[in-house]
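One-letter residues, chain by chain:
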Amino acid sequence: MKTVGILGGGQLGWMTILEGRKLGYRFLVLDESPDAPASRVADRWFPPEQVEDFCREADVITYEFEHIDEEVLSRLGGEVRPSLEVLELKRSRIREKTFLSRRGYPVCRFREADRETLEEALEEIGYPAVVKSESLGYDGKGQYRIASPADLEDLKGAAGERFLVEEFVPFTSEISAVGVRSRSGEIKVYPVTENVHEGGILLYNYVSSRREVERAVVSIVSELMEELSLVGLLAVEFFLTEEEDLLINEFAPRPHNTGHYTLDGTYTSQFENLLRVVTDLPPGSTKLKLSAGMVNILGLSLEDIDLREVLSVEGARLYWYGKKKRPRRKMGHVNVVATDRRELTGKMGRILDLLYRKEFTLR
Ligand code: AMP
């Protein structure tokens, strides 16, 4: 029986384990908390101090989160997939953007800066701009929109010492795709989704019907996976500009929130495919079964939700991570499938209205 070790105990690990049960695998989770979603469903939980024991017991190690403690990383042994080199690239927003730009991938204009050079970098990039802390940023955390020099004050309390300064991209939409690559180099890319964020956090997404954009995205994601010799998943987020140009915002070498719809919308979920390729099995079909989308449940408890109504929407399925409620925290999500896009939009609108009790006009 294969034993898979997962670094990180969040919901991505939780869904990986639930999907992996079908494959008959054993799971170990390394996380600070035995109550984290993945820790609770693992066969065995390890605190960070026991990283060596965790590595010894695992046949292969993967990760569901990139901001792994330096100390843990330095003590890691065994087979890690995707590789630690890929992880290192992702741990710094500056390294990630510089790599993409040097290799000729489309990215927005950016500068790196420290506290002393921040103002100068902002002058070079121009206003409005987006300043991002080098590391530990996700879901809009460690990110500051700077409209004019007057906003520089806001950066006084910014986390970290080094920053990525980006031009503000007036995108028309945000697009992403998750790809999977096996050790033998077989690549499959999931259908592209259009993603709608609120305050830097994904609120909902659905499979796109823009074929031309899809072709360009699939080609970039495949090329990037090949270039990184990646074994596992790679999620790539893009901005689509008014001129229909694609710019990469960021990538993540792990399951991704924009790929949650694959649990119901495609033949093989992103989680199952991660497990297949890290254990040397061929990736399963990434093809779409039905029109599909997902709505995130942010900052709500189960008691706040009229589950009876939400689950009365045909094709809606709830995934509840069992975390402690905090404002805007990702608490769970609802996947929705439908026979066509119009039906999907109607169902997703209904779910959004039910969850957040306000009218949404789906983009
Ligand atoms: P990130 O933390 O980089 O994933 O950014 C979170 C969200 O902030 C993105 O999904 C965008 O909606 C927005 N964002 C990030 N960078 C930029 C940028 N350079 N221009 C405009 N919006 C941005």
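The paragraphs below set out a description of the structure included in this document. Worth saying up front: this structure is predicted, and the values here are computed from it rather than measured.

How each quantity is defined
- Residues numbered from 1 in each chain as written.
- Predicted model: local features only at pLDDT ≥ 70, side-chain atom pairs only at ≥ 80, totals over all residues.
- Heavy atoms only, no water.
- Pairing = 2+ DSSP bridges.
- Helix = DSSP H or I, 4+ residues; strand = E, 2+ residues; numbered from the N terminus.
- Axes fitted to C-alpha atoms, helices over the stretch in contact; angles between N-to-C directions.
- Contact = heavy atoms within 4.5 Å.
- Buried < 20%, exposed > 50% of the residue type's maximum accessible area, 1.4 Å probe, protein only.
- Lys, Arg positive; Asp, Glu negative; His and termini not counted.
- Salt bridge = Lys/Arg side-chain N within 4 Å of Asp/Glu carboxyl O.
- Near = heavy atom within 4 Å.
- Polar contact = N/O pair within 3.5 Å; in protein donor to acceptor, adjacent residues only side chain to side chain.
- Areas by Shrake-Rupley, 256 points an atom, 1.4 Å probe, with all protein chains shown as cover.
- Nonpolar A, V, L, I, M, F, W, Y, C, P; charged D, E, K, R; others polar.
- Domains from an automatic or database assignment.
- Core = buried A, V, L, I, M, F, W, Y, C linked by side-chain atoms within 4.5 Å.

**Comments concerning the sheet that holds strand 8 (residues 162-167)**
Spatial ordering of the open sheet is given by 5-8-6-7, a layout of four strands whose pairing is antiparallel. Looking along the sheet, the strands with just one partner apiece sit at the ends: strand 5 (110-114) and strand 7 (143-146). With strand direction ignored, the average angle separating the axes of adjacent strands in the sheet is 25 degrees. The pairing of strand 5 with strand 8 spans five bridges and is classified as antiparallel.

**Focus: the sheet that holds strand 2 (residues 26-30)**
The strand order across the open sheet formed by four strands is 3-2-1-4, and the pairing between neighbours is parallel. In this open sheet, the two strands that pair with only one neighbour each are strand 3 (44-46) and strand 4 (60-63). For this sheet, the mean angle separating the axes of adjacent strands, direction not counted, is 25 degrees. In this fold helix 1 (residues 11-20) packs onto strand 1 (3-7) and strand 2, with an angle of close to 170 degrees to the strand it touches most, strand 2.

**Looking at the side chain of aspartate 151**
Assignment of secondary structure puts aspartate 151 in the loop between strand 7 and strand 8. For the buried aspartate 151, which has no salt bridge, the nearest side chain bearing the opposite charge is arginine 145, at an N-O separation of 10.0 Å.

**A closer look at the site of the ligand**
The environment of the ligand is made up of 17 residues, and the closest members are Arg93, Glu166, Val169, Glu174 and Glu250. Glutamate 174 is positioned such that a nitrogen or oxygen atom in its side chain is 2.6 Å from an oxygen atom of the ligand. Bound to the protein, the ligand loses 97% of the 480 Å² it would expose on its own. At the level of elements, strand 6 (129-133), strand 7, strand 8 and strand 14 (246-252) are the ones that each hand at least two residues to the shell around the ligand. Residue classes in the shell around the ligand are distributed as five nonpolar, five polar and seven charged. Looking at the shell around the ligand, you find at least three residues from each of domain 2 (109-167) and domain 3 (173-356).

**Let's talk about the nonpolar core**
Ranked by internal contacts, the top residues of the largest apolar core, which has 44 residues, are Leu7, Val217, Leu224 and Phe238. Ranked by the residues each element gives to this core, the list is headed by helix 8 (residues 211-227), at six residues. No fewer than three residues from each of domain 1 (3-80) and domain 3 (173-356) sit in this core. Setting aside anything within four residues of it in sequence, one finds phenylalanine 238 in contact with Ser173, Glu174, Ile175, Ser176, Val217, Ile220, Val221, Leu246, Leu247, Ile248 and Asn249. Among the nonpolar cores identified, the runner-up in size contains 32 residues, and Leu12, Ala42, Tyr190 and Ala292 belong to it.

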